[in-house]
Amino acid sequence: MSTAKKEYKRITTKTLVDMKQNGEKISMLTAYDFTMAKIVDSAGIDVILVGDSASNVMAGHETTLPITLDQMIYHASSVVRAIERSLVVVDLPFGSYQSDPKEALRSAIRIMKESGAHAVKLEGGKEIKESIKRILNAGIPVMGHLGLTPQSIYKFGTYTVRAKEEEEAEQLKEDALMLEKTGCFAVVLEKVPAKLAEEVAKSISIPVIGIGAGGGVDGQVLVTHDMLGMTHEFSPRFLRRYLDLYNEMTKAFQGYISDVKSGDFPNSKEQY
Ligand code: KIV
């Protein structure tokens, strides 16, 4: 295992598998628009996820279920126009792949063709195996997503940690193996015990990217708006905040309002 950081001009699905083999951790963040994607990409992130969390973060919905395929394509196209280096992965939204493999393939093709993204992500295990196969057969790279899969929130009934019980943990291990064997290039594990996540990461050759899954996996993903502290009502234990943008932005807006009201803005140098 080498600790030297390799410089990659462009991240591909193969780069991620190489990174796992070399023991280099993978960094992944979400983006839904051009401006954010440009900053995240130039900061050197490996993977940008156009997550269906856009449904919560951008549109204010309570869950990820309402976002549509057209809306995901709009967000993904904006992100793709900004990036120079990162791999762009796009979530297939709820209702665009669950009914049958043909529908799943049609949705994945629309995302790839209309947005220019590099890969798609689907939530689920054995129940979506045929859809994953169909998408892979068309040459579209697939990232899996197991554990707390937010599109199934009404089945779970809660956002608490998944796979704490033996039966669910065994099923998750089987599903991870299936995703590897079927040909997925990586898998996201969301909110599962760290010990289980590490065991899964050690048992498969494709990268396991965790969110609330501990440090024993091959990479980490966070929702950018959460790690920047823009969303301050949401405080799960796994979230590390790198900024307090909610308060910083509030101060900036209040400064602007006050300057406008007082007539201080614009001053003589800020006009023509
Ligand atoms: O939609 C999303 O942002 C995600 C991540 C939380 C993994 O799926």
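Residues numbered from 1 in each chain as written. Predicted model: local features only at pLDDT ≥ 70, side-chain atom pairs only at ≥ 80, totals over all residues. Heavy atoms only, no water.

1. What about unusual backbone geometry?
- Put simply, Phe265 and Pro266 share a cis peptide bond, and its omega is -5 degrees.
- Counting through the fold element by element, Pro266 comes out in the segment after α11 (245-262).
- Despite not being glycine, Ala163 has its phi angle at roughly 55 degrees, a positive value.
- Relative to the elements of secondary structure, Ala163 occurs in the loop between α7 (153-156) and α8 (166-182).
- Positive phi values are uncommon outside glycine, yet Lys191 reaches one of about 45 degrees.
- Along the chain, the position of Lys191 falls in the loop between β6 (186-190) and α9 (194-203). (Helix = DSSP H or I, 4+ residues; strand = E, 2+ residues; numbered from the N terminus.)

2. Regarding the nonpolar core
- Ranked by internal contacts, the top residues of the largest apolar core, which has 61 residues, are Val120, Leu122, Ile135 and Leu189.
- Looking at which element gives the most residues to this core, the answer is helix α4 (residues 69-80), with 6 residues.
- The contact partners of Ile135, leaving out residues within four places of it in the chain, are Leu92, Ala104, Leu105, Ala108, Val120, Leu122, Ile140 and Val142.
- The next biggest cluster of nonpolar side chains, apart from the first, holds 18 residues, and it includes Ile26, Ala119, Ala186 and Ile209. (Core = buried A, V, L, I, M, F, W, Y, C linked by side-chain atoms within 4.5 Å. Buried < 20%, exposed > 50% of the residue type's maximum accessible area, 1.4 Å probe, protein only. Contact = heavy atoms within 4.5 Å.)

3. Here we look at the side chain of Ser78
- As for its position among the elements, Ser78 is in helix α4.
- The class of Ser78 is buried, set by a relative accessible area of 8%.
- Not counting chain neighbours up to four residues away, the residues in contact with Ser78 comprise Tyr32, Asp33 and Phe34.

4. Looking at the domain arrangement of the protein chain
- The assigned domain composition of the protein chain is domain 1 (13-241) and domain 2 (244-272).
- Distance from the C-alpha centre of domain 1 to the C-alpha centre of domain 2: 38 Å.
- Buried area between domain 1 and domain 2, both sides added, is near 400 Å², and the carbon and sulfur share of it is 66%.
- The largest share of the area that domain 1 buries against domain 2 comes from Leu228, Met230 and His232, three residues that together contribute 80% of it.
- Linking domain 1 with domain 2 are 0 salt bridges, by the criterion used here.
- Our count for the domain 1 to domain 2 interface comes out at 2 residue pairs in polar contact (both at pLDDT 80 or more).
- Of the residues belonging to the side of domain 1 that touches domain 2, the class tally is 2 nonpolar, 2 polar and no charged. (Domains from an automatic or database assignment. Buried area = accessible area lost by both parts, 1.4 Å probe. Salt bridge = Lys/Arg side-chain N within 4 Å of Asp/Glu carboxyl O. Polar contact = N/O pair within 3.5 Å; in protein donor to acceptor, adjacent residues only side chain to side chain. Nonpolar A, V, L, I, M, F, W, Y, C, P; charged D, E, K, R; others polar.)

5. A short note on the site of the ligand
- Close to the ligand lie Thr30, Leu49, Gly51, Asp52, Ser53, Asp91, Lys121, His145, Ile211 and Val223.
- Here an oxygen atom of the ligand and a side-chain polar atom of Ser53 are 2.5 Å apart.
- Residues that form the shell around the ligand fall into these classes: 3 nonpolar, 4 polar and 3 charged. (Near = heavy atom within 4 Å.)

6. As for the pairing of strand β7 (residues 208-211)
- Of the two faces of β7, the one lined by Val208 and Gly210 and the one lined by Ile209 and Ile211 are each fully buried.
- Each parallel crossover has a hand, and for β6 linked through α9 to β7 it is right-handed.
- Sheet analysis places β7 next to strand β8 (residues 219-222), joined by 2 bridges and oriented parallel. Bridging from a neighbouring strand, Ile209 pairs with Gly219 of β8. (Right-handed = clockwise from strand over helix to strand, strands pointing away. Pairing = 2+ DSSP bridges.)

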